[in-house]
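Examination of the molecular architecture
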Amino acid sequence: MICLIDRDLPCKTALRAVVLCGVLALLGASAQIFITRHGIGVSPDSTAYIMTARSFMGGHGITMPTADGGFTPVTQWPPLFPLVLAGVGICGVQPLAGAELVNSVLFGANIMLVGLLVLLYTRSSGAALAGAFFYATAPDILKVHTWAWSEPSFIFLMLLELVLLQAHFDSGNRYLLIAAAVAASLVCLCRYAGLALIGAGMGGILALGKGTPRKRLSDCVCFGAIACLPIALWMTRNYTLGGNAVSRPVAFHPPGLGELKDGLLQASKWGALPHYLPTVAKFGAPLVGLAGMIYLALRSLCKARKEDSELLEPARAASIPHLLTIALLSYLGLLVFSMAFVEEGIRLNEERLMSPLHTLALSAAVPVAYWFLSRTRMKPASMAVAVAATLIMLNIGKHNLAATVPWAFARSTDGAQYTSRAWKESEIMQKVRALPPGIAIWSNASDALEFLTGRLSYRIPSKVVAGSNRPVEDFGFQMRKFEQDLRTKNGVVVYVSAVDWRWNLPSEVELVARLGLKAVDKSPDGRIYVAVK
C-alpha cells in the first residue's frame, strides 16, 4: 500500500519500515491494554461520551438522559466518538470497554501513521522507526490514549488526512483528494477543533498542490465543500435544537500572558529541556523551533517554485514538512482564536489539548533532523549542527523512557479518576446506591453518580459560566427554582467533597446557608442533605 502511495519508494525499504513500525505499534497497543487493565481513565467528559453512546444504543438518538426521565439533545461536542462507542456496543462490547479497545487500537494506528509520514519524506526505515518510537514513548501522548477521550480518534483522522493529501499531491489522483476531504470531515465530527484541519488542507492544496493555479483552486473548492458539509449539517441541527451552533457563547476575552506562557512551558517539555535551564530559555525554545520550521518551509517552498530546491529532495513526498507546518499553525491559530472569542477557560498547559500539536511537531521535526544529518559535510558548522541534532534526539528518547516507563507501571495498578479504587469504593457512592428509588437528587457530581451508581441527578446551578469568569446572569432565579423543586419533590442534595475542580458551582457552605440544608448522612468523602422545612 505504501508503494502505491509513493511509487518511487523501494518496496524493500517500505516493507522493512512496515515491519519495524508494525512491531512497535503492536507493542504500543499491548502496553496500552496492560496500563488500562484496571480500567481506562474516565473523566467528566468521558461519562458524557459513554452516556451518549448508551442513549444511541437505546434508540434515543444523539442525546443524554436527564433526571426527570427525558432526553436532551447533545450539542456541546460533535457526535463521532460516541457513535464509534455505540457501534462497538452494538457488536456486544459495552461503551466503557469499547473505549479501551478503540483507543488501544488507535494508539497502534497512530504510531504507524507517524512512522509512515516520516518514511514518505526520508525514504529511511530507520528514520521512520525513530519517529514512531519518539511518538510511542512520549509521556503526554501515551497518557492521552489511556483515557476515554476523543483525542486519539482526532489524531488518527488528522494524520490520515495528511497522508492522503500528500498522496494526492504526488499522484494527482482525485479519488485521494476526496478521501482526504472525507477524513477532514470526520476530524470535525470528532472535535470542533477539526475546523483547523479543513483550513490546513485547503491552504496546503493552494500552496503545495500540483498543476496550474486554476487547478489548485478547483481542488481546494472540491476539498472544502466535501469536508465542510457534514459539520455544517451538524451545526445547523444544533442551532435548530439549541439556538447555538456549537453550544458556546461568543464574546471577546483575549488570552492573557499567563495562558501563553503555560503553552510555551508545555511545549518545552516535548524537547526534554533540562530542568535547570532558566524559564526564559524554556519559553524561547518552542518559539525558536516554530520559527525554524516556518523559515525552512517558506525557504524551500520559494525555491521549489523556481524548481531548484535542495530542500525538496527527493522529488516525491517533499511537501510533508510544509503540510505539517501548515496544519500546526492552523491548529495553534484556532486555539488562540477560541481562547479569545469562544471559550475563555482554555488552558494551553493541558496535555489533552496540546497532544495534536505535539503529534504534528514531532512528525515534522524528525524529517527535518534527518535532512540535516543526511546532508552533513565535513565542515565545522555542519558537523556541529549534526552533533547537536543527534544529542537532542537521544536526550528526548532517554527522557521519554525515563518518564513513561515508571508512570506506565504505576498507572497499571489502578484506574484513573472515576475508574480508580477511591471512586469505586467511595462511601458516599455506596450511600447514593442505597437511596430510595425515584427520589430526586441534586449534586455537584452528577456525572460521577450516573457512571458509578446508575442514578440520574440534577446539576446544582452554576454561579459562574463554565470556562470563564463571567457570572451567570439568572443565577438568583435558578437558585430559587432549585430550592422550590428541592422542597416540592422532597429531594436530597449529594455534595461530593472529592469534586474540587468545579469552582464555578456554589460551595457546600454557600448551599447550606442559602437553602437551609440539614445533613442526614455523612461520609469522609461527602454528605447527603435535605431541606429543613
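Shown above is the structure to which this text applies.
Residues numbered from 1 in each chain as written. Predicted model: local features only at pLDDT ≥ 70, side-chain atom pairs only at ≥ 80, totals over all residues. Heavy atoms only, no water.

1. Details of the overall build of the protein chain
For the record, the criterion: For the purposes of this entry, the term helix denotes a DSSP run of H or I that reaches at least four residues, the term strand denotes a run of E that reaches at least two, and both are numbered from the N terminus. Throughout, radius of gyration means the C-alpha value; the globule benchmark is 2.2 Å times the number of residues raised to the power 0.38. Relative accessible area decides the class of each residue, using a 1.4 Å probe on protein chains only: under 20% of the type maximum gives buried, over 50% gives exposed, and in between gives partly exposed. Whether two residues are in contact is decided by their heavy atoms, any of which lying within 4.5 Å being enough. Per-residue accessibility takes into account occlusion by the displayed protein chains alone, with areas from the Shrake-Rupley method and a 1.4 Å probe. Only four residue types enter the charge count, namely Lys and Arg as positive and Asp and Glu as negative; His and the chain termini do not. For the purpose of locating charges, the reference atoms are NZ of Lys, CZ of Arg, CG of Asp and CD of Glu.
Looking only at helices and strands, one finds 21 helices and seven strands in the protein chain. Relative to the globule expectation of 24 Å for 533 residues, the C-alpha radius of gyration of the protein chain, 25 Å, shows essentially globular dimensions. For the protein chain, the C-alpha atoms occupy an extent of roughly 85 × 50 × 45 Å along the three principal directions. Across the 533 residues in the protein chain, those meeting the buried criterion constitute 50%. Pairs at least 24 residues apart make up 72% of the contacts formed inside the protein chain by residues separated by at least 6 positions. Split by element, the accessible area of the protein chain, about 24100 Å² in all, is 66% carbon and sulfur. Between the averaged position of the 48 positive side-chain charges in the protein chain and that of its 34 negative side-chain charges there is a distance of 4 Å.

2. Comments concerning the side chain of Arg411
To keep things clear, this is the line we draw: We count a salt bridge whenever a side-chain nitrogen from Lys or Arg sits within 4 Å of a carboxyl oxygen from Asp or Glu.
If you trace the backbone, Arg411 turns up in helix α16 (residues 380–411). No salt bridge is formed by the buried Arg411, whose closest oppositely charged neighbour, Asp414, lies at an N-O distance of 6.7 Å. The contact partners of Arg411, leaving out residues within four places of it in the chain, are Ile35, Thr36, Gly39, Ile40, Gly41, Thr146 and Ala416.

3. Points about helix α4 (residues 80–90)
Of all the residues in α4, the buried ones are Leu80, Phe81, Pro82, Leu85, Ala86, Val88 and Gly89. Buried-residue contacts for α4 involve α3 (44–57), α5 (95–122), α8 (151–171) and α9 (174–190). Gly92 sits one or two positions beyond α4 and adopts a positive phi of about 105°.

4. Observations concerning the pattern of salt bridges
This structure, assessed with the given rule, holds 14 salt bridges. Ionic pairing is found between Asp521 and Lys431, a salt bridge with its closest N-O pair at 2.9 Å. Taken as a pair, Asp521 in strand β6 (residues 517–523) and Lys431 in helix α18 (residues 427–433) lie far apart in primary sequence, 90 residues in all. Judged by relative accessible area, Lys431 falls into the partly exposed class, the value being 24%. Connected via shared salt-bridge partners are Asp45, Glu151, Arg191 and Arg352.

5. Digging into the packing of α8 against α9
A pair of packed helices is characterised by two quantities: the angle between their axes and the separation of those axes. The condition that has to hold: Only C-alpha atoms enter the line fits that serve as axes; for helices the fit covers just the stretch in contact. Angles between N-to-C directions range over 0 to 180 degrees. Angle categories are assigned with fixed cut-offs, so that under 35 degrees is roughly parallel, over 145 is roughly antiparallel, 65 to 115 is roughly perpendicular, and the rest are oblique. Handedness of each helix crossing follows the sense of rotation of the near helix against the far helix: counterclockwise by less than a right angle gives left-handed, clockwise gives right-handed. Classification used: nonpolar for Ala, Val, Leu, Ile, Met, Phe, Trp, Tyr, Cys and Pro, charged for Asp, Glu, Lys and Arg, polar for all others including Gly.
Running from N to C, α8 and α9 cross one another at 160°; their axes reach a closest spacing of 8 Å. The pairing of α8 with α9 is recorded here as roughly antiparallel in orientation. Handedness of the crossing formed by α8 with α9: left-handed. Every residue of α9 that contacts α8 at Ser153, Phe154, Leu157, Met158, Leu160, Glu161, Leu164, Leu165, Ala167, His168 and Ser171 is listed here: Arg174, Leu176, Leu177, Ala179, Ala180, Ala183, Ala184, Leu186, Val187 and Cys190. Here the residues of the contact of α8 with α9 are counted per class, giving 16 nonpolar, three polar and two charged.

6. Quick look at the sheet that holds strand β3 (residues 441–443)
In plain terms, the rule: We treat two strands as partners when DSSP finds at least two bridges between them.
Spatially, five strands are ordered β4-β3-β5-β7-β6 in an open sheet, and the strand pairing comes out mixed. Only two strands of the sheet have a single partner each, and these edge strands are β4 (458–459) and β6. Relative to strand β7 (residues 526–531), strand β5 (residues 492–496) is paired through four bridges, and the arrangement is antiparallel. Each residue of the ladder has a partner; that of Tyr495, found in β7, is Arg527.

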